[in-house]
Amino acid sequence: MITAKFVYSGDIITSFSVSGHSGSAEIGKDIICSAVSSASYMTVNTLTEIMLLNPEIIENDGFLGIRLSKDEAAAANDLLKGFELHLKELSELYPNYIKIERGAE
């Protein structure tokens with residue numbers, strides 16, 4: 001299962017992590033993992049290459065996490081909420097493969 005966790009400070013997302021594999025198909029043919037990975041990397045690339053922010057990024061096999069300063073998080077909040085919404089919609093389509101968690105700082 002893929003788990004996406006969003007950490008909030010008030011109503012602002014300050015970090016997120018995406019971990020795991022959906023297991024819905026073999027590696028390389030798993031459309032759920034592809035959808036989540038694509039959205040995750042698009043979000044990180046927009047933060048770093050378009051918005052020119054400098055979040056802390058941790059990436060390992062099956063794990064991607066970012067943490068932003070409060071100022072950067074405030075500037076990126078619309079993008080991050082859009083990313084969370086996208087993953088929430090995917091989790092509703094594929095409830096056995098994606099889980100969304102929310103936490104507070």
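All of these numbers come straight from a predicted model, not from anything done at the bench.

The rules behind each value
Residues numbered from 1 in each chain as written. Predicted model: local features only at pLDDT ≥ 70, side-chain atom pairs only at ≥ 80, totals over all residues. Heavy atoms only, no water. Helix = DSSP H or I, 4+ residues; strand = E, 2+ residues; numbered from the N terminus. Rg over C-alpha atoms; globule rule 2.2 N^0.38 Å. Buried < 20%, exposed > 50% of the residue type's maximum accessible area, 1.4 Å probe, protein only. Areas by Shrake-Rupley, 256 points an atom, 1.4 Å probe, with all protein chains shown as cover. Lys, Arg positive; Asp, Glu negative; His and termini not counted. Charge placed at Lys NZ, Arg CZ, Asp CG, Glu CD. Pairing = 2+ DSSP bridges. Axes fitted to C-alpha atoms, helices over the stretch in contact; angles between N-to-C directions. Contact = heavy atoms within 4.5 Å.

S.K.: Just to check I follow, could you spell out the overall build of the chain for this structure?
M.R.: For the chain, the count of helices and strands is two helices and five strands. Taken from N to C terminus, the helices and strands of the chain fall in the order β-β-α-β-β-α-β. Computed over the C-alpha atoms, the radius of gyration of the chain is 13 Å, within 12% of the 13 Å expected from 2.2 N^0.38 for a compact globule of 105 residues. Dimensions of the chain, computed from C-alpha atoms along their principal axes, come out at roughly 40 × 25 × 20 Å. Buried positions account for 39% of the 105 residues belonging to the chain. With an accessible surface of roughly 6,100 Å², the chain has 52% of that area assigned to carbon and sulfur atoms. Averaging the locations of the 8 positively and 15 negatively charged side chains of the chain gives two centres separated by 6 Å.

S.K.: Looking at this structure, I do not really get the sheet that holds strand E2 (residues 12-19). What am I missing?
M.R.: Sheet strands pair via backbone hydrogen bonds, and the direction of the pair is either parallel or antiparallel. Strand order across the open sheet formed by five strands is E3-E4-E2-E1-E5, with mixed pairing between neighbours. Across the chains shown, the open sheet's two edge strands, defined by having one partner strand only, are strand E3 (56-60) and strand E5 (98-104). Adjacent strand axes in the sheet meet at a mean angle of 15°, parallel and antiparallel pairs treated alike. Alignment of strand E1 (residues 2-9) against E5, held across seven bridges, turns out to be parallel. Paired with Ile2 across the strands is Ile98, a residue of E5. Contacting E1, E2, E3, strand E4 (63-67) and E5, helix H1 (residues 31-50) runs over the sheet at an angle of about 30° to E4. Helix H2 (residues 70-93) contacts E1, E2, E4 and E5 of the sheet and is inclined by roughly 45° relative to E2.

S.K.: Please clarify how the pairing of E2 should be interpreted in this entry.
M.R.: Along any regular strand, the residues point their side chains to alternate faces of the sheet. Extensive coverage of E2 is indicated by the burial of six of its eight residues. Pairing between E1 and E2: seven bridges, direction antiparallel. Note that in E2 the partner of Ser9 across the bridge is Ile12. Here E1 folds back onto E2, and the loop between the two strands holds two residues, one of which, Gly10, carries a positive phi near 65°. Inspection of the sheet shows E2 paired to E4 by five bridges, in the antiparallel sense. Residue pairing for E4: Ser17 is matched across the bridge by Gly65.

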